[in-house]
Amino acid sequence: MKYSGVISRYREYLPLPGDAEPITLLEGNTPLIEADNLRRALGAPCKIFLKFEGANPTGSFKDRGMTVAMTKAVLDRAEAVICASTGNTSASAAAYAAKAGLNAFVVLPKGKIAVGKMAQALIYGAKVIEIDGNFDDALRIVREIGEKTKVVIVNSINPFRIEGQKTASFEIIETLGGAPTHHSLPVGNAGNITAYWKGYVEWGAKHGTSLPKMLGFQAAGAAPIVRGKVVKHPETVATAIRIGNPASWKQADQALEESDGQIGIVTDKQILFAQRLIASTEGIFCEPASASSVAGLKKLVAKGCFTQKDTVVCTLTGNGLKDPDTASRDIKPPLRAKPVLNDVLKLMNVK
Ligand SMILES: *Cc1c(COP(=O)(O)O)cnc(C)c1O
C-alpha cells in the first residue's frame, strides 16, 4: 500500500478531525536497524536496535510532530507560524510551512546552529531571526509572541507536536511485534521522551503491549534534569540538546518515574566517540546529539544493567550531514598521493 505519512497511518490515535487534509512530506516510516556490530563493540548482552530518525524528510524526528502541528495550524486558519530552535525545529517548521503555504518565523541562538540546519531554514524560505542569547532566551521570546499575536507556536509546547512524535513508538512496536524492554534517547527540551512514553502508554492501553523503561541522556554541560536545577549557560558540542531549562521537564520526570527509567549524563567526548562508533560499525551517520543515546547505553552496559533477554532501542534523532563541521573535527584527514598508480597503491598498503 502507498505510504502517505504519519497522519494517514495513525489518524485514529491523533486529535485531528477525520477529514483534515494532512500537510505532509511523507515523514515517519523510518528504518529500525538491528545493530549487531555495535552490540559486539559494546560487549552488550542485549539486542540493540537503532531507530534512524535522520531518514525523515528534513533529517530529524521533528517532522513527525510538525506534520500534525502544521495540519492543525491550517485547520485553524493560521497565517504564520513561529518557533525557537537549536536548528532542527526551524528546519522542519520552515519546510512544512512552505508545503502549507504559510509564513514561518524562526528565532535562533546566534552562532550555535549547525550549518546544514541554517541552510535548510533559509532555503525553505523562513524568516530567520538570530538573537544574542541561547535557546532558552529564544523560547521565552517566542512564548511572548504567541500570547501577543495570532502567530502559532510550533515548538513542542504545542501539544500537537508531541502527538505526532509519539508515532515513533507505534512504529517500533509494530516492527518488533512488541515494545522493547528499554528505550534510550537524548533529552534536550524533553518533548521527545514525553512523546515516546505517551506513545508506548497509549498503544499499551489499546493493544496490551508492555512498557519499556525510558533511558534519557543529557550532555554534561547541559543537564538541568539530572542536576535538578536550571543551567544558565548550557554548553555542549551536541547543539540540538544545548538547553538549560527544558519546556517538558515535568513530563520527562513523570515518564522516567512511571517507566521506572533513569536519566544520566554523557560528556562531549563520550558523545563524539559514540557518533564515530555508530558510523564505523553500522554505517549510520547521526548527529552528535543523537549519539548521546548510544553513549549513555555504553555506560549502562559497562555497569552490567542488561541481560540477554533485554531489547534496547536507541533513537538516532537526526542526520549527521546537518553538522559536518563537528564530525570532521579531530578526525584523521585524507591521505595524499601524486596522480600516479604506484603512489596510490603504496598508500593502500594491500597485496
Ligand atoms: C530536538 C532534538 C533533540 C532533543 O529533543 P527534545 O524533544 O528537545 O528533548 C535531540 N536530537 C536532535 C537531533 C534534535 O533535533
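Residues numbered from 1 in each chain as written. Predicted model: local features only at pLDDT ≥ 70, side-chain atom pairs only at ≥ 80, totals over all residues. Heavy atoms only, no water.

Quick look at the pairing of strand 3 (residues 80–84)
Working step 1: Counting buried positions along strand 3 yields five of five residues, so the element is predominantly enclosed.
Working step 2: Every second residue of strand 3 is oriented toward a common face, with Ala 80, Ile 82 and Ala 84 on one face and Val 81 and Cys 83 on the other, all of them buried.
Working step 3: Where strand 3 lies against strand 4 (residues 103–109), five bridges are found, and the strand directions are parallel. Paired with Ile 82 across the two strands is Phe 105, which belongs to strand 4.
Working step 4: For the handedness criterion, the β-α-β arrangement of strand 3, helix 4 (residues 88–100) and strand 4 is classed as right-handed. (Buried < 20%, exposed > 50% of the residue type's maximum accessible area, 1.4 Å probe, protein only. Helix = DSSP H or I, 4+ residues; strand = E, 2+ residues; numbered from the N terminus. Pairing = 2+ DSSP bridges. Right-handed = clockwise from strand over helix to strand, strands pointing away.)

Details of the sheet that holds strand 4
Working step 1: The sheet built from four strands is open, its strands ordered 5-4-3-6 with parallel pairing. In this open sheet, the two strands that pair with only one neighbour each are strand 5 (127–131) and strand 6 (152–153).
Working step 2: Direction of pairing for strand 4 relative to strand 5: parallel, over a ladder of five bridges. Opposite Leu 108, over in strand 5, you have Glu 130 as the bridge partner.
Working step 3: Along the sheet, helix 6 (residues 135–148) makes contact with strand 3, strand 4, strand 5 and strand 6, crossing strand 3 at roughly 150°. (Contact = heavy atoms within 4.5 Å. Axes fitted to C-alpha atoms, helices over the stretch in contact; angles between N-to-C directions.)

Considering the environment of Phe 105
Working step 1: As for its position among the elements, Phe 105 is in strand 4.
Working step 2: Spatially, the C-alpha atoms of Phe 105 and Ala 93 are 8.7 Å apart, while their sequence positions differ by twelve residues.
Working step 3: Ignoring sequence-local partners within four residues, the contact set of Phe 105 consists of Ala 80, Val 81, Ile 82, Cys 83, Lys 127 and Val 151.

Quick look at the site of the ligand
Working step 1: Residues in contact with the ligand amount to 17 residues; listed here are only the nearest, Lys 62, Asn 88, Asn 189, Asn 192 and Thr 317.
Working step 2: Within the side chain of Lys 62, one N or O atom sits 2.6 Å away from an oxygen atom of the ligand.
Working step 3: Between Ala 190 and the ligand, the recorded distance is 2.8 Å, taken from a backbone N or O atom to an oxygen atom.
Working step 4: The protein chains hide 96% of the 380 Å² of surface that the ligand would expose on its own.
Working step 5: Breaking the shell around the ligand down by element, the ones donating at least two residues are helix 9 (191–207) and helix 13 (288–302).
Working step 6: Among the residues forming the shell around the ligand, the class breakdown is seven nonpolar, eight polar and two charged. (Near = heavy atom within 4 Å. Polar contact = N/O pair within 3.5 Å; in protein donor to acceptor, adjacent residues only side chain to side chain. Areas by Shrake-Rupley, 256 points an atom, 1.4 Å probe, with all protein chains shown as cover. Nonpolar A, V, L, I, M, F, W, Y, C, P; charged D, E, K, R; others polar.)

Let's talk about the pattern of salt bridges
Working step 1: Taken as a whole, this structure holds 16 salt bridges when the rule is applied.
Working step 2: Between Lys 166 and Glu 202 there is a salt bridge, and its shortest N-O distance comes to 2.7 Å. Separated by 36 residues along the polypeptide, Lys 166 in the loop between helix 7 (159–165) and helix 8 (167–176) and Glu 202 in helix 9 bring together distant segments of the chain.
Working step 3: Between Asp 260 and Lys 213 there is a salt bridge, with its nearest N and O atoms 3.3 Å apart. A residue pair is termed long-range when its members are at least 10 positions apart, and Asp 260 in the loop between helix 11 (249–258) and strand 9 (262–266) and Lys 213 in strand 8 (residues 213–219) qualify at 47 residues.
Working step 4: If you follow the salt bridges from partner to partner, you end up with Lys 51, Glu 53, Arg 64 and Glu 171 in one network. (Salt bridge = Lys/Arg side-chain N within 4 Å of Asp/Glu carboxyl O.)

Things to note about the packing of helix 4 against helix 5 (residues 115–123)
Working step 1: Following both chains from N to C, one finds helix 4 and helix 5 inclined at 25°, their axes separated by 8 Å at the closest point. Taken together, the axes of helix 4 and helix 5 are roughly parallel relative to one another. Two packed elements cross with a definite hand, and for helix 4 against helix 5 that hand is left-handed. Side by side, helix 4 and helix 5 meet where Asn 88, Ser 90, Ala 91 and Ala 94 of the first sit next to Lys 117, Gln 120 and Ala 121 of the second.
Working step 2: Grouping the constituent residues of the contact of helix 4 with helix 5 by class yields three nonpolar, three polar and one charged. (Parallel < 35°, antiparallel > 145°, perpendicular 65-115°, else oblique. Left-handed = near helix turned anticlockwise from the far one by under 90°.)

Things to note about the sheet that holds strand 2 (residues 47–52)
Working step 1: Reading across the sheet, the six strands line up as 1-2-10-7-8-9 and stay open at both edges, with mixed pairing between neighbours. Every other strand in the sheet has two partners, leaving strand 1 (32–34) and strand 9 as the edge strands with one partner each. Sheet twist, expressed as the mean angle between neighbouring strand axes with direction ignored, is 25°.
Working step 2: Bridging between strand 2 and strand 10 (residues 311–316) involves six bridges; their strand directions are parallel.

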